[in-house]
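# Observations on the three-dimensional arrangement
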Amino acid sequence: MIRTRFAPSPNGSLHLGHAYAAVVAHDLARARGGQFLLRIEDIDGARSRPEFVEEFFRDLEWLGLAWGGEPVFQSRRLAAYAEGGERLKAMGLLYPCRCTRAEIAVAAADSGPDGPVYPGTCRGRNVDPEGAAWRLDMARAIVAAGPLEWTDELAGPQAADPARFGDVVLLRKDLPASYHLAATLDDAADGITLVTRGADLFAVSHVHRLLQALLGLPVPVWHHHALLVEADGTKLAKRRGSPSIADRRRAGEDGRALADALRAHRFPAGISLSGNWTAMGLHGET
Ligand code: GLU
């Protein structure tokens, strides 16, 4: 059975772009007789706020997007992420790193989809692991996994190319997890067969496909949908002052009509869909 998910981070209100993403995930599951799940990506303790979680529930109900089962909270799954990290450590594929963001910015020679590419400063060094982050030794991981492919329903078959991310952090200094590790383990644990998300996260799927291979996880199909953009081509964002989904709900708008408008690609003035998104990371994990 097909299973999709909507995985918002509760660090701000949902905007129209999130609503569009939720409609896409919900409708793909429903059209194919599958299930639509809700996952709350709340491992970032400093930025996650419980009041947004409550708001998301009400927003999705208002939009008429019913999810199956109980929502998944990433903050309750830290043990599973730590265990995944231990398995990768036991395979000799992770190494501790104590570099700061500022040090990396100075030392990095390349820029990747997620910002400056870590130059490998701590790789092969005898770094005290206490309180350190753990990075994936990308070159070794790629050799260990061998050539990999994955499929995006819209973009077609892809040869996995995670190398340009460099040695990504899989276990943060403050947390036994990272976006890449948590999202990959959760999609497997929840039986997600179709990973639906915005095209801005297209490139991270190269990394997730690698982690699936290393951890022996099932491989889903991906569906990276076009993003809602402003008239100047920039992605919708909370800070730009357009009303949030919660604002619209509180103002008495009709949520189901809004969801139908999104389905029909009828957007407010100045907002349109753009498939023209080069992948860009959203998650600073170090
Ligand atoms: N939590 C992520 C976000 O809000 C989505 C991650 C995903 O769908 O894999 O951008």
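Before any of the text, the structure's been laid out above.
Okay, so let's go over this structure. Predicted model only: the values in this text are computed from it and were never measured.

A separate point is the overall build of the protein chain. Helix and strand counts for the protein chain stand at nine helices and 14 strands. A globule of 286 residues ought to have a C-alpha radius of gyration of about 19 Å, and the protein chain, at 19 Å, matches this closely. Overall, the protein chain is about 60 × 40 × 35 Å in size when its C-alpha atoms are taken along their principal axes. Put simply, the protein chain has 286 residues, and 53% of those count as buried.

Time to look at the sheet that holds strand E1 (residues 3–6). Taken together, three strands build an open sheet; the order of strands is E1-E2-E3 and the sheet is parallel. In this open sheet, the two strands that pair with only one neighbour each are E1 and strand E3 (72–73). Two elements, strand E2 (residues 35–40) and E3, share two bridges in a ladder whose sense is parallel. In the sheet register, isoleucine 40 faces E3, and the bridge partner there is phenylalanine 73.

Below, the discussion takes up unusual backbone geometry. Despite not being glycine, histidine 265 shows a phi value in the positive range, around 60°. When you line up the elements, histidine 265 lands in the loop between helix H9 (255–263) and strand E14 (272–274). By relative accessible area, which is 42% here, histidine 265 ends up partly exposed.

Taken together, the four bridges between strand E8 (residues 149–152) and strand E9 (residues 156–159) define a ladder with antiparallel strand orientation. The partner of threonine 151 across the bridge, within E9, is proline 157. Connecting E8 to the next strand, E9, in antiparallel fashion are three residues.

Once that is clear, we can look at the side chain of aspartate 42. With respect to the helices and strands, aspartate 42 occurs in the loop between E2 and helix H2 (50–63). The buried charged residue aspartate 42 lacks any salt bridge partner; its closest oppositely charged side chain belongs to arginine 76, at an N-O distance of 6.3 Å. A distance of 3.1 Å separates the side chain of aspartate 42 from the backbone nitrogen of glutamine 74, its partner in a polar contact. Separated by 2.7 Å, the side chain of aspartate 42 and the backbone nitrogen of serine 75 make a polar contact. Each residue touching aspartate 42, except ones within four places of it in the same chain, is listed here: Pro10, Ser48, Phe73, Gln74 and Ser75.

At their nearest, the axes of helix H3 (residues 78–90) and helix H7 (residues 204–215) sit 10 Å apart, and the two run at 75° to each other. On the basis of their axis angle, the class for H3 and H7 is roughly perpendicular. On the side of H3, the interface is formed by Gly84, Arg87 and Leu88, while H7 contributes Leu211, Leu214 and Leu215. Grouping the constituent residues of the contact of H3 with H7 by class yields four nonpolar, one polar and one charged.

Paired through backbone hydrogen bonds, the strands of a sheet run either parallel or antiparallel to each other. Read across the open sheet, the three strands follow the order E4-E7-E10; overall the sheet is antiparallel. The two strands at the open ends of the sheet, each matched to only one other strand, are strand E4 (94–97) and strand E10 (169–171). Going across the sheet, the axis of each strand differs from the next one's by a mean of 45°, ignoring polarity. In this sheet, strand E7 (residues 133–136) lies alongside E4 in antiparallel orientation, the contact comprising four bridges. If you follow tyrosine 95 over to E7, its bridge partner there is arginine 135.

Below, the discussion takes up the packing of aromatic side chains. According to the stated counting rule, one finds four aromatic pairs in the structure shown. Taking 5.0 Å as the distance between ring centres and 50° as the angle between the ring planes, the aromatic pair formed by tryptophan 150 and phenylalanine 202 counts as tilted. Taken together, the residues span a long stretch of sequence, with tryptophan 150 in strand E8 and phenylalanine 202 in the loop between strand E11 (194–198) and H7 at a distance of 52 residues. Chaining the aromatic ring pairs together yields one cluster made of Trp150, Phe202 and Trp222. A cation sits over an aromatic face here: arginine 76 above phenylalanine 73, 4.2 Å from the ring centre. The positively charged end of arginine 135 is found above the aromatic ring belonging to tyrosine 118, 3.7 Å away from the centroid.

We now examine the nonpolar core. Counting residues in each nonpolar core, the largest one holds 35 residues, and the members touching the most others are Phe6, Leu16, Leu63, Leu228, Ile245 and Leu262. Elements represented by at least two residues in this core include exactly helix H1 (16–31), E2, H2 and H9. In this structure leucine 63 touches Ala19, Ile245, Gly255, Arg256, Leu258 and Ala259, once residues within four positions along its chain are discounted. Core analysis: the next-biggest nonpolar cluster, separate from the first, contains 30 residues, Tyr81, Ala141, Leu171 and Leu175 among them.

Parameters and conventions
Residues numbered from 1 in each chain as written. Predicted model: local features only at pLDDT ≥ 70, side-chain atom pairs only at ≥ 80, totals over all residues. Heavy atoms only, no water. Helix = DSSP H or I, 4+ residues; strand = E, 2+ residues; numbered from the N terminus. Rg over C-alpha atoms; globule rule 2.2 N^0.38 Å. Buried < 20%, exposed > 50% of the residue type's maximum accessible area, 1.4 Å probe, protein only. Pairing = 2+ DSSP bridges. Lys, Arg positive; Asp, Glu negative; His and termini not counted. Salt bridge = Lys/Arg side-chain N within 4 Å of Asp/Glu carboxyl O. Polar contact = N/O pair within 3.5 Å; in protein donor to acceptor, adjacent residues only side chain to side chain. Contact = heavy atoms within 4.5 Å. Axes fitted to C-alpha atoms, helices over the stretch in contact; angles between N-to-C directions. Parallel < 35°, antiparallel > 145°, perpendicular 65-115°, else oblique. Nonpolar A, V, L, I, M, F, W, Y, C, P; charged D, E, K, R; others polar. Phe/Tyr/Trp six-rings, centres within 6.5 Å; stacked < 30°, edge-to-face > 60°. Lys NZ or Arg CZ within 6 Å of the ring centre and 35° of its normal. Core = buried A, V, L, I, M, F, W, Y, C linked by side-chain atoms within 4.5 Å.

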